[in-house]
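Here are the chains, one letter per residue:
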Amino acid sequence: FETQACGNERDRTCAACSAVCEAGSFETQACANGLDRTCSDCSPSTFDHDADPLTACSDCLVCPHGSVQVSTCETLQDRTCSECPEGTTDADADPLTACTECTTCTHARMPFGTCTATTDVLCHACTDASHAPLATVNPLAQNPFADCVAGDPLCLESIDVLVFYDHTALADFGGDVDALHGWVQNALRFANEANDNSLFSPQQRYRLAGLRPFDRSPRQDSISTMVQLRFNQYYQSIRRSTGADVSYFLIGNLTFGNGQTYYMFSGLDYPERAVIVVKSGFTAHPNQCGSNRNRTITAHELGHINGAAHNRAIGGGNGTGSAYAYHNQEPFYRRNEAFGLEVSQHGEQFYTLMSYPSYRSGPEYNSRANCPPPCKRIAAFASPELWHFLNPRDPLYGYCLVVQTNNDQTVRLSCQTRQPWSEINGSYVLDPAQMVDLPTQELLNRAVPLGRDTPSFVHPETQELIVDTTSTRSRDKVIETWPRRAAAAMPLDPRCNQQCGQANRITCSAGENVCGSCLPGHFEFSDTCYPRVETHAENPLHDEHYIPSGVFAAPNSAHSSIIELAAPSDLIAVEVYLHTTNAEGAFDDGWAQGPENGVGFTFGLSAAPAHRISVWGVHPDNSETLIGNQDTDGVVARDSNGQHDHALTYLFHLPAWRENLVRIRVEVASESQEYGFGINEVRSFGRQR
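Calculation rules
Residues numbered from 1 in each chain as written. Predicted model: local features only at pLDDT ≥ 70, side-chain atom pairs only at ≥ 80, totals over all residues. Heavy atoms only, no water. Helix = DSSP H or I, 4+ residues; strand = E, 2+ residues; numbered from the N terminus. Rg over C-alpha atoms; globule rule 2.2 N^0.38 Å. Buried < 20%, exposed > 50% of the residue type's maximum accessible area, 1.4 Å probe, protein only. Contact = heavy atoms within 4.5 Å. Areas by Shrake-Rupley, 256 points an atom, 1.4 Å probe, with all protein chains shown as cover. Lys, Arg positive; Asp, Glu negative; His and termini not counted. Charge placed at Lys NZ, Arg CZ, Asp CG, Glu CD. Pairing = 2+ DSSP bridges. Axes fitted to C-alpha atoms, helices over the stretch in contact; angles between N-to-C directions. Expected span 1.5 Å × (residues − 1). Polar contact = N/O pair within 3.5 Å; in protein donor to acceptor, adjacent residues only side chain to side chain. Salt bridge = Lys/Arg side-chain N within 4 Å of Asp/Glu carboxyl O. Disulfide = S-S within 2.5 Å. Bend = angle between axes of the 7 residues up to and from the residue. Phe/Tyr/Trp six-rings, centres within 6.5 Å; stacked < 30°, edge-to-face > 60°. Lys NZ or Arg CZ within 6 Å of the ring centre and 35° of its normal.

Draft legend 1. Seen up close, the overall build of the chain. If you tally the helices and strands in the chain, you get nine helices and 38 strands. In terms of overall dimensions, the chain is more spread out than a globule: its C-alpha atoms have a radius of gyration of 34 Å, far above the 26 Å expected for 689 residues. By principal-axis analysis of the C-alpha atoms, the chain measures approximately 125 × 85 × 50 Å. Burial statistics for the chain: of 689 residues in total, 50% are counted as buried. When contacts within the chain are restricted to residue pairs at least 6 apart in sequence, long-range pairs at least 24 apart make up 68% of them. A total of about 30200 Å² of accessible surface is found on the chain, and carbon and sulfur atoms cover 49% of it. Averaging the coordinates of the 46 positive side-chain charges in the chain and doing the same for the 81 negative ones gives two points 6 Å apart.

Draft legend 2. Main features of the sheet that holds strand E22 (residues 383-389). Across the sheet, five strands lie side by side as E27-E24-E23-E22-E28; this open sheet has antiparallel pairing. The sheet is open, and its two edges are formed by strand E27 (436-439) and strand E28 (447-450), each paired on a single side. Averaged over neighbouring strand pairs, the angle between their axes works out to 40 degrees when direction is ignored. Inspection of the sheet shows E22 paired to E28 by four bridges, in the antiparallel sense. The residue bridging tryptophan 387 from the neighbouring strand is proline 449, located in E28.

Draft legend 3. Focus on the environment of alanine 566. Structurally, alanine 566 is set in strand E34 (residues 558-581). The exposure class of alanine 566 is partly exposed, given its relative accessible area of 47%. The contact partners of alanine 566, leaving out residues within four places of it in the chain, are Val533, Glu534, Thr535 and Gln688.

Draft legend 4. Geometry of helix H2 (residues 177-197). If you check H2, its first and last C-alpha atoms are 30 Å apart, about what 21 residues at 1.5 Å a residue would give, namely 30 Å. Of the residues that open H2, the one with a side-chain oxygen 2.9 Å from the backbone nitrogen of aspartate 178 is aspartate 176. A positive backbone phi angle near 60 degrees is found at leucine 199, which sits one or two residues after H2.

Draft legend 5. Summary view of the pairing of strand E26 (residues 427-430). One ladder, built from four bridges, connects strand E25 (residues 421-424) with E26; its direction is antiparallel. By the bridge assignment, isoleucine 424 is partnered in E26 with serine 427.

Draft legend 6. Expanded view of the pairing of E27. With burial as the criterion, only one face of E27 is covered, namely that bearing Val436 and Leu438; the residues Asp437 and Pro439 on the opposite face remain uncovered. With four bridges joining them, strand E24 (residues 410-415) and E27 adopt antiparallel strand pairing. Paired with threonine 410 across the strands is proline 439, a residue of E27.

Draft legend 7. Quick peek at the pattern of salt bridges. Inspection of the entire model under this criterion finds 29 salt bridges. Between aspartate 570 and arginine 689 there is a salt bridge, with the nearest N and O atoms lying 2.6 Å from each other. Taken together, the positions of aspartate 570 in strand E34 and arginine 689 in the segment after strand E38 (676-688) put the pair 119 residues apart, joining distant regions of the chain. When its relative accessible area of 5% is taken as the criterion, aspartate 570 is described as buried. Its relative accessible area of 57% is what places arginine 689 among the exposed residues. Counted as one network, the salt bridges with shared partners bring together Arg532, Glu534, Glu544, Glu575, Glu681 and Arg683.

Draft legend 8. Structural context of the state of the cysteines. Here the structure, examined in full by the defined rule, presents 12 disulfides. With a sulfur-sulfur separation of 1.9 Å, cysteine 21 is cross-linked through a disulfide to cysteine 39. Across the disulfide from cysteine 21 to cysteine 39, rotation about the S-S bond amounts to roughly -90 degrees, and the bridge is consequently left-handed. With a gap of 18 residues between them, cysteine 21 in the loop between strand E2 (13-14) and strand E3 (25-29) and cysteine 39 in strand E4 (residues 38-41) connect regions that are remote in the sequence. With a relative accessible area of 38%, cysteine 39 lands in the partly exposed category. Each sulfur of the disulfide joining cysteine 63 and cysteine 81 lies 2.0 Å from the other. Between cysteine 63 and cysteine 81, the S-S dihedral sits near -85 degrees, and the bridge is therefore left-handed. Placement of cysteine 63 in the loop between strand E6 (58-59) and strand E7 (67-71) and of cysteine 81 in strand E8 (residues 80-83) is noted, with a sequence separation of 18 residues between them. On the basis of relative accessibility, which here comes to 27%, the residue cysteine 81 falls in the partly exposed class.

Draft legend 9. Expanded view of helix H9 (residues 474-486). Between its first and last C-alpha, H9 extends 17 Å over 13 residues, near the 18 Å set by a 1.5 Å rise per residue. Along H9, the helix axis deviates most sharply at glutamate 480, where the bend reaches about 30 degrees; the proline proline 483 sits within four residues downstream. Ser474, Arg475, Val478, Thr481, Trp482, Arg485 and Ala486 are the residues of H9 that are buried.

Draft legend 10. Spatial organisation of the environment of serine 40. Inspection of the secondary structure assignment puts serine 40 in strand E4. Residue classification places serine 40 among the partly exposed residues on the basis of a relative accessible area of 26%. Distance from serine 40 to glycine 24, taken between C-alpha atoms, is 8.7 Å for residues 16 residues apart in sequence. Setting aside residues up to four positions removed in sequence, serine 40 forms contacts with Ser25, Phe26 and Thr28.

Draft legend 11. Region of interest: the sheet that holds E38. The six strands are arranged E33-E38-E34-E37-E35-E36 in an open sheet whose pairing can be described as antiparallel. Taken across any chain shown, the strands that pair with only one partner, and hence form the sheet edges, are strand E33 (552-553) and strand E36 (624-629). Sheet topology note: the strand E35 (residues 611-618)/E36 ladder contains five bridges and is antiparallel. Opposite glycine 617, over in E36, you have threonine 625 as the bridge partner. Contacts from helix H4 (residues 233-241) reach E34, strand E37 (649-670) and E38 within the one sheet, and its direction differs from that of E34 by about 115 degrees.

Draft legend 12. Region of the structure containing unusual backbone geometry. In this chain, proline 373 is followed by proline 374 through a cis amide linkage whose omega measures 15 degrees. Tracing the chain through its elements places proline 374 in the loop between strand E20 (350-351) and strand E21 (376-377). The backbone phi angle of histidine 346 is positive, close to 55 degrees, even though this residue is not glycine. The topology assignment puts histidine 346 in the loop between strand E19 (341-342) and E20. At asparagine 556, a position not held by glycine, the phi torsion is positive, near 55 degrees.

Draft legend 13. Quick peek at the packing of aromatic side chains. Using the criterion set out here, one finds 20 aromatic pairs in the structure. Between the aromatic rings of phenylalanine 164 and phenylalanine 214, the centroid separation amounts to 5.8 Å while the plane-to-plane angle is 75 degrees, which identifies the pairing as edge-to-face. Of the two residues, phenylalanine 164 is situated in strand E13 (residues 159-165) and phenylalanine 214 in the loop between strand E14 (206-213) and helix H3 (222-230); the sequence distance between them amounts to 50 residues. A relative accessible area of 3% places phenylalanine 214 in the buried class. Pairing tyrosine 530 with tryptophan 657 gives two aromatic rings, centres 4.9 Å apart and planes at 85 degrees, and the pair type is edge-to-face. Separated by 127 residues along the polypeptide, tyrosine 530 in strand E32 (residues 528-531) and tryptophan 657 in strand E37 bring together distant segments of the chain. Across the pair, exposure class does not vary: tyrosine 530 and tryptophan 657 are buried alike. Put simply, the rings of Phe164, Phe214, Tyr234, Tyr235, Phe249, Tyr546 and Tyr577 touch in pairs and so form one group of aromatic residues. Lying across the ring of tryptophan 657, arginine 687 places its NZ or CZ 3.8 Å from the centre.

Below is the structure:
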């Protein structure tokens, strides 16, 4: 390079350029224009990736969470990382520390979550604790479509579940909302595992729409509680406001039944109101913690939501239909023959997801025995076409569906382990390229069937031919019912450009640009959503908590409650929620507990103790207009006459306005020697004048 220019009295002088920059450095100044070449070493956290002095150094790799550093970043080489091996996790997100073994929960602690390279299994201590502050979780609020599959990009075919929990449930989880949330996620994961095992289409899966605290009148019988919650208009509106298809209530202090389901019947007034009630003590108690039935209860109850029934032994009698579950210990009713060959149970003792441990041990319908551990409930729905491959070393280990029986004594199978589904033009089909053919004898050597159609056998004593008209096809029933259940509500779309809140409406559903139903705390009449009109929202008579307000009529007496309106108003709806008390006014629901009091069948419930209720609107001049009483047509919340007034919920949804009212008077009169009646909540909807 030139160090001195050529002038009048001097010649040009030049100097040799410095050597090319060495590996591990890069050129910061080219040798030109009177300047020598300069080089700079790669700075910390960078390296020379190509030994080319004309390119800058590259940033060193940062080991991601779930990996450990194998070699450091040096001047001439990048850092190398290795993912945590299976069975270990990166507990501290520090690549300089080794991966640790996944946590193994002891028998007194329940695992939830899945151990991966980035997350460990968490263990829930099965202990009681006083309740902690409640919290709401809304996992779908920001991006409800993040986990949708290609064949269902808006999750229109998913069933979204809104989980409510009360203080007693939270106490069963040690007061830890995160522990409760983790259990719920794990429970839904297991339900989806059962769907996968049963070869359901990929879009047929459950999602958590939310986790919300709630208050309730403290009934203790699970069926009685479930019916009451089905008719609670507020909690149902909360479900709709999250886009959920199913309401799931997790409650601690239930005395009858660990899980109950109130599912969809086409003839009901509210066919979309599927309700599940689960006893959290069955989930969190040390004696039940992590047990097989405990772990599967949510998947089991969701199966009921979709129409699946128990096994024959639980149903009793010679029933009809095909939605039954399967128990492989029933010697006369299980599948003992397939394709003209004898079926071996291979020493296995199991029952499918909807079955109970008890089974028909003999030919009679009322013969029953129990199947204790190691007999287990498996995560699959019953179907004669579904087979369970037993050996973990078998390449088909898991579940396969017979899709074709060939003439050459072979069957064609779609199997869970072989990525059975393909998405074609937005629909899922079983992929023929992934199917496998097996000789029928080989199938029987490696697997057991999970169902049987219309079993028949010769009675061993009477020699009578017994023909049972049932089939164990709960898989088919769930697949058939699924679209109706998934259509109960649609996922909500936060991208909606309508001003839904200004109209007191829920935001648009996915794929639509129309606002949804009324927001919680509103009532729809003539295409308009009207708010509540009471004053003092903190008043226990109308604070949306649905717990005893302290206002009651003692046995054989009456009491009138006055609800002041915030301003003179026209009313279009009033709802009253009651409970029963003892003579001192303490909550007492003894009449609504257990089968001995008429509880035990959803559509055959005991009537409430004798009482009367009347609701009056009061005008500015103190004159009164009758809004209705318990004899008003359609006021008693029930699905059938056999439910009587068991829910103690009265819905005065008026056909026309009751105008110019300033207060409401609710008169409750007990006609029982034993029980009084208290008010949980009064809801009044309308427009201010």
